[in-house]
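Coordinate inspection notes
This is what each chain is made of:
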Amino acid sequence: VQLVESGGGLVQPGGSLRLSCAASGFTFSTYGMSWYRQAPGKGRELVARITTSGRSTIYPDSVKGRFTISRDNVKNTVYLQMNTLKSEDTARYYCYVPGIDYWGQGTQVTVSS
């Protein structure tokens with residue numbers, strides 16, 4: 001199993017980023033996928049979750065209306081579109097497969113002017 005996140009970086013407040021998580025080594029289309037984040041000194045926090053078909057998603061209030069999770073079951077990739085970024089969104093973002101309890105290595109997102 002492999003999860004490779006990309007798309008992180010430094011962005012100004014109010015800006016946007018799109019994270020990608022390329023999956024391999026398992027039948028991607030049969031697993032729900034999640035994005036989590038962890039800021040320095042804090043625990044890991046759920047950011048978004050998507051079902052196998054992509055028709056159902058879940059977001060915490062902290063990102064609802066600003067972040068959108070999506071997936072491409074042909075490309076075996078899950079995405080996280082992040083808009084109107086705030087300084088408190090600064091964290092390392094991880095791709096996670098709940099069904100097999102597998103984490104990616106993460107990608108750093110820093111929101112700062």
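Presented here is an overview of the structure given in this document. (Residues numbered from 1 in each chain as written. Predicted model: local features only at pLDDT ≥ 70, side-chain atom pairs only at ≥ 80, totals over all residues. Heavy atoms only, no water.)

With that out of the way, let us pick up the state of the cysteines. Under the definition given, this model contains 1 disulfide. The disulfide partner of Cys-21 is Cys-95, and the gap between their sulfur atoms is 2.2 Å. In this structure the cystine formed by Cys-21 and Cys-95 twists about its S-S bond by roughly -85°; its chirality is therefore left-handed. In this pair, Cys-21 is assigned in strand β3 (residues 17-24) and Cys-95 in strand β9 (residues 91-97), connecting sequence segments 74 residues apart. Overall, Cys-95 belongs to the buried group, its relative accessible area being 0%. (Disulfide = S-S within 2.5 Å. Helix = DSSP H or I, 4+ residues; strand = E, 2+ residues; numbered from the N terminus. Buried < 20%, exposed > 50% of the residue type's maximum accessible area, 1.4 Å probe, protein only.)

With a phi angle near 55°, Asn-76 is a residue other than glycine that sits in the positive phi range. By the element assignment, Asn-76 lies in the loop between β7 (67-72) and β8 (77-82). Residue classification places Asn-76 among the partly exposed residues on the basis of a relative accessible area of 25%. Of note in the backbone geometry, Thr-84 takes a positive phi value of approximately 45° without being a glycine.

A few words now on the pairing of β9. Burial of β9 is extensive: 6 of the 7 residues sit out of reach of the surface. By the bridge criterion, 5 bridges tie strand β4 (residues 33-38) to β9 in an arrangement that is antiparallel. Paired with Ser-34 across the strands is Tyr-96, a residue of β9. Pairing of β9 with strand β11 (residues 107-111), which is carried by 3 bridges, proceeds in the antiparallel orientation. For Arg-92, the partnering residue across the bridge sits in β11 and is Gln-108. (Pairing = 2+ DSSP bridges.)

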